[in-house]
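Given next are the chains, with one letter for each unit.
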Amino acid sequence: MYSVILVEDEQLVRQELAATTPWEQLGLRLIATCGDGIDGENKIRLLDPDIVITDIRLPGQDGLTMLRRCQVPHAVILSGYTDFSYTRTAIQLSVFDYLQKPVDSGQLEETLRSLVEKIKGEEQELARFRSSVKDDGKEMIDLPKSVDNHIINSVISFIASNYSSPVGLQEAAEYLELSESHLSRLFKEETGLNFLQYLNAWRVNKAAGLMRDPRKNISEIAIECGFPSPGYFAKIFKRFIGQTPTQFRDHISMNG
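Everything numeric here is computed off the predicted structure, so don't read it as measured data.

## Considerations on the pairing of strand β1 (residues 2-7)
Next, step 1: The buried fraction of β1 is high, at 6 of 6 residues.
Next, step 2: This β-α-β element, β1 to helix α1 (residues 11-20) to strand β2 (residues 28-34), shows right-handed connectivity.

## Some details on empty space enclosed by the protein
Next, step 1: Applying the stated criterion to the full structure yields 3 cavities of 30 Å³ or more.
Next, step 2: Of the pockets and cavities examined, the largest cavity occupies roughly 90 Å³.
Next, step 3: Taken together, Ile44, Arg45, Asp48, Pro49, Cys70, Gln71, Val72, Pro73, Pro228, Ser229 and Tyr232 make up the lining of the largest cavity.
Next, step 4: Taken together, the residues that form the lining of the largest cavity break down as 7 nonpolar, 2 polar and 2 charged.

## Concerning the packing of aromatic side chains
Next, step 1: Following the criterion strictly, the structure yields 8 aromatic pairs and no others.
Next, step 2: Ring geometry for phenylalanine 227 against phenylalanine 233: centres 5.0 Å apart, planes inclined by 50°, an arrangement best described as tilted. Like phenylalanine 233, phenylalanine 227 is buried.
Next, step 3: With a centroid separation of 5.6 Å and an interplanar angle of 65°, the aromatic rings of phenylalanine 233 and phenylalanine 237 are classed as edge-to-face. Taken together, the positions of phenylalanine 233 and phenylalanine 237, both in helix α11 (residues 230-241) and 4 residues apart, correspond to about one turn of that helix.
Next, step 4: Accessibility expressed as a relative area gives 0% for phenylalanine 237, which makes it buried.
Next, step 5: Every member of this aromatic cluster is reached through a ring pair, and the members are Phe227, Tyr232, Phe233, Phe237 and Phe248.
Next, step 6: Sitting above the plane of the phenylalanine 227 ring, arginine 203 keeps its charged end 5.9 Å from the centroid.

## Observations regarding the sheet that holds β2
For sheets, the rule is that strands pair by backbone hydrogen bonds, running either parallel or antiparallel.
Next, step 1: With parallel pairing, 5 strands are arranged side by side in an open sheet as β2-β1-β3-β4-β5. Lying at the two open borders of the sheet, with one neighbouring strand each, are β2 and β5 (97-100). In this sheet, adjacent strand axes meet at a mean angle of 20° when their direction is disregarded.
Next, step 2: Pairing geometry for strand β3 (residues 51-55) and strand β4 (residues 75-79), over 4 bridges, is parallel. Along β4, the bridge assignment pairs isoleucine 53 with valine 76.

## What to know about the side chain of histidine 74
Next, step 1: If you trace the backbone, histidine 74 turns up in the loop between α3 (63-70) and β4.
Next, step 2: In terms of polar contacts, histidine 74 uses its side chain to reach the backbone carbonyl oxygen of aspartate 50, at 3.3 Å.
Next, step 3: Of note is the side chain of histidine 74, whose polar atom sits 2.8 Å from the side chain of glutamate 122.
Next, step 4: In contact with histidine 74, other than residues within four places in its own chain, are Asp50, Ile51, Val52, Leu115, Lys118, Ile119 and Glu122.

## Brief notes about the side chain of serine 3
Next, step 1: Looking at the element boundaries, serine 3 is found in strand β1.
Next, step 2: If sequence neighbours within four positions are ignored, serine 3 has contacts with Arg29, Ile31, Asp48, Pro49, Asp50, Ile51 and Lys235.

## Points about the packing of helix α9 (residues 195-210) against α11
Next, step 1: Close contact between α9 and α11 brings their axes to 10 Å; oriented N to C, the two are set at 95°. Classified by the interaxial angle, the pair formed by α9 and α11 is roughly perpendicular. Between α9, through Gln197, Asn200, Ala201, Val204, Ala207 and Ala208, and α11, the contact on the second element is made entirely by Tyr232, Phe233, Ile236, Phe237, Phe240 and Ile241.
Next, step 2: The residue inventory of the contact of α9 with α11, partitioned by class, reads 10 nonpolar, 2 polar and no charged.

## Points about the packing of helix α7 (residues 169-176) against helix α8 (residues 180-191)
Next, step 1: Direction vectors running N to C along α7 and α8 enclose 105°, while the axes themselves pass 9 Å from each other. For the element pair α7 / α8, the angle class is roughly perpendicular. Seen from α7, the contacting residues are Leu169, Gln170, Ala172, Ala173 and Leu176; seen from α8, they are Glu180, Leu183 and Ser184.

## A word on α8
Because each turn of an α-helix spans 3.6 residues, side chains separated by three or four positions end up pointing in the same direction.
Next, step 1: The end-to-end C-alpha separation of α8 is 16 Å, in line with the 16 Å expected for 12 residues at 1.5 Å each.
Next, step 2: Buried residues of α8: Glu180, Leu183, Leu186, Phe187 and Thr191, and no others. The buried residues of α8 occupy an angular sector of 135° when projected down its axis, which confines them to one face.
Next, step 3: Directly beyond the C-terminal end of α8, a positive phi value near 85° is found at glycine 192.

## Structural notes on the pattern of salt bridges
Next, step 1: Applying the stated criterion across every chain yields a total of 13 salt bridges.
Next, step 2: Salt-bridge contacts for glutamate 117 lead to lysine 120; the nearest nitrogen and oxygen are separated by 3.9 Å. Linking glutamate 117 with lysine 120, this pair stays in helix α5 (residues 105-129), spanning 3 residues, or about one helical turn.
Next, step 3: Connected via shared salt-bridge partners are Glu8, Glu10, Asp55 and Lys101.

Quick notes on the rules
Residues numbered from 1 in each chain as written. Predicted model: local features only at pLDDT ≥ 70, side-chain atom pairs only at ≥ 80, totals over all residues. Heavy atoms only, no water. Buried < 20%, exposed > 50% of the residue type's maximum accessible area, 1.4 Å probe, protein only. Helix = DSSP H or I, 4+ residues; strand = E, 2+ residues; numbered from the N terminus. Right-handed = clockwise from strand over helix to strand, strands pointing away. 1 Å grid on protein atoms, 1.4 Å probe; cavity = no way out; pocket = protein on both sides within 12 Å on 5 of 7 lines; lining within 4 Å. Points joined across faces, edges and corners; volume = space filled by probe spheres on them. Nonpolar A, V, L, I, M, F, W, Y, C, P; charged D, E, K, R; others polar. Phe/Tyr/Trp six-rings, centres within 6.5 Å; stacked < 30°, edge-to-face > 60°. Lys NZ or Arg CZ within 6 Å of the ring centre and 35° of its normal. Pairing = 2+ DSSP bridges. Axes fitted to C-alpha atoms, helices over the stretch in contact; angles between N-to-C directions. Polar contact = N/O pair within 3.5 Å; in protein donor to acceptor, adjacent residues only side chain to side chain. Contact = heavy atoms within 4.5 Å. Parallel < 35°, antiparallel > 145°, perpendicular 65-115°, else oblique. Expected span 1.5 Å × (residues − 1). Arc of directions from axis to C-beta. Salt bridge = Lys/Arg side-chain N within 4 Å of Asp/Glu carboxyl O.

In structure tokens form, the structure reads like this:
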């Protein structure tokens, strides 16, 4: 089941959504609810949910800022505002859907059902790139390093140089002076992975190599490879490799 955090400052709306959404039937598990953007960010960093459902206008900080700071993999916006700048920013953050309040329960359920199918599809895509565990801890995921497109090769070079920093599609697009939507579509067509999948796979490969050094602990490796938290690193590593970082390190230690 995929984990969900709900961030909504209106208490009655938050309670109603938490109580009436058929989470388990949708293949979801609600792990936390928050009433403001600061608590939302803290819970997201602590619990590393698969999905965040959030309002935009929140006490503390707005929902879009929260999503940008936390590198949330999948998000759904609930908002009573139709300001184009909000919609544009949501698109830049790869928000799955933008639902207007008052939210129709049927519409939310359908959105979540579609998002679950999208996540399953992404996991199937990742499985095609997953390699068997190698004892040397190198090149765990077979990523295309060069394609027949100079723009995408420039993006791959950008990732290779900046993977340890908190970069994303927005920074890559600005670097190449392209629109995010165009770059996102082109990157997926040429590599078979979306930008975030490729970036995370690159980071996982780098982390796998660093794990041969027993002097480095896993938390240090996570931060050094650009992951925002050790918990998020562990989740992404297992999603790509099929083992937790600790299990992987034990494996290469026994075979080293």
